[in-house]
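Listed here are the chains, written in short residue letters.
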Amino acid sequence: MLNIFRNLSRKMGGTARSLRYRGKPEQLVADGYNEMAGSYGEWAVRHARADRDKYTRLLLETLPTGATVLELGCGPGEPTTRLLAERFKVTANDISASCLELARRNAPSAQFVQGDMTALQLPAASFDGVVAYYAFHHVPRERYAKLLMSISGWLRAGGVFMAAFYPYDIDDVITPDWHGATMYWSSFDAEQTRALIRDAGLELVTESFESAVEDGKETTFLWIMARKPH
């Protein structure tokens, strides 16, 4: 993530173009993904990350066939939503109507819910797994604690939470040209992220820092799998 901002700064003649966003960041995210849904989906398939495959396999090995899974920030649904829906009963959420239109085609057996993930109202103890691939960093970090508490509440006892987090201290930032759209970013460092997960009543099972080169830039995520105690 830090490399993204450095590269943007160099590209723009050394002038930082990140701005403090004072409106509704969720609308900025929705508009951005509505604008680039098709091109982003094609890019994600072309730039298949080994960490996505690694943790998807781990989830497939951990949960039984037919388990109920909630995917937050599903995007265009390829490849993650499609793969999960082949094995599990998937409810997929995204804030972008354009992304969900594509996701319905890519994973027709899944159920879909449009909306801001931090405002979802779902029944307690209704999922065996909740996943969020590359999605938390588009959520204002002051909402992380409440969202993680909601996730913990949506999980059944013994259920698992799996997510990829930016492990950087980034507060309320906008970049002007990410895949051709303006985009919002916010995240905590790895230590604070772990603490928030534990505070939500979830036990860390496994974690790793995973890096990959995308369009010539290295991007690192903190991948975490946690479990709700029995």
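What counts as what
Residues numbered from 1 in each chain as written. Predicted model: local features only at pLDDT ≥ 70, side-chain atom pairs only at ≥ 80, totals over all residues. Heavy atoms only, no water. Salt bridge = Lys/Arg side-chain N within 4 Å of Asp/Glu carboxyl O. Helix = DSSP H or I, 4+ residues; strand = E, 2+ residues; numbered from the N terminus. Buried < 20%, exposed > 50% of the residue type's maximum accessible area, 1.4 Å probe, protein only. Arc of directions from axis to C-beta. Contact = heavy atoms within 4.5 Å. Core = buried A, V, L, I, M, F, W, Y, C linked by side-chain atoms within 4.5 Å. 1 Å grid on protein atoms, 1.4 Å probe; cavity = no way out; pocket = protein on both sides within 12 Å on 5 of 7 lines; lining within 4 Å. Points joined across faces, edges and corners; volume = space filled by probe spheres on them. Polar contact = N/O pair within 3.5 Å; in protein donor to acceptor, adjacent residues only side chain to side chain.

Tallying each qualifying case throughout the model produces 11 salt bridges. Taking the shortest distance from any N to any O, the salt bridge between Glu26 and Arg143 comes out at 3.2 Å. Placement of the pair is Glu26 in helix α2 (residues 25–46) and Arg143 in the loop between β5 (127–132) and α6 (144–154), with a sequence separation of 117 residues. We classify Arg143 as partly exposed; its relative accessible area is 25%. One network of salt bridges, in which partners are shared, links Glu26, Asp116 and Arg143.

This part takes up helix α7 (residues 190–199). Regarding α7, the residues found buried are Ala190, Thr193, Arg194, Leu196 and Ile197. The arc that holds the buried residues of α7, viewed along the axis, is 160 degrees, so those residues lie on one side. Across from the buried face of α7, at angles greater than 90 degrees, the exposed residues are Glu191 and Asp199. In this structure, the buried side of α7 is in contact with α6, β6 (155–165), β9 (203–214) and β10 (217–227). Directly after α7, the chain includes Gly201, whose backbone phi takes a positive value near 90 degrees.

Among the nonpolar cores identified, the biggest contains 44 residues, and Tyr33, Leu59, Phe88, Val90, Phe112, Met162 and Trp223 are the most heavily contacted of them. Looking at this core element by element, the count peaks at 8 residues for α2. For Met162, the residues in contact, after removing those within four places along its chain, are Tyr55, Leu58, Leu59, Val130, Val131, Ala132, Tyr133, Trp223, Ile224 and Met225.

So, on to empty space enclosed by the protein. Taken as a whole and assessed by the stated rule, the structure comprises 1 cavity of 30 Å³ or more. For the largest cavity, the calculated volume is near 370 Å³. Along the wall of the largest cavity there are 29 residues; nearest its centre are Gly73, Gly75, Asp94, Tyr134 and Ala135. When contributions to the lining of the largest cavity are tallied by element, the ones reaching two or more residues are α2 and β3 (89–94). Looking at which element gives the most residues to the lining of the largest cavity, the answer is α2, with 5 residues.

A separate point is the side chain of Thr220. Checked against the element boundaries, Thr220 lands in strand β10. Engagement of the side chain of Thr220 in a polar contact is seen with the side chain of Ser211, the distance being 2.6 Å.

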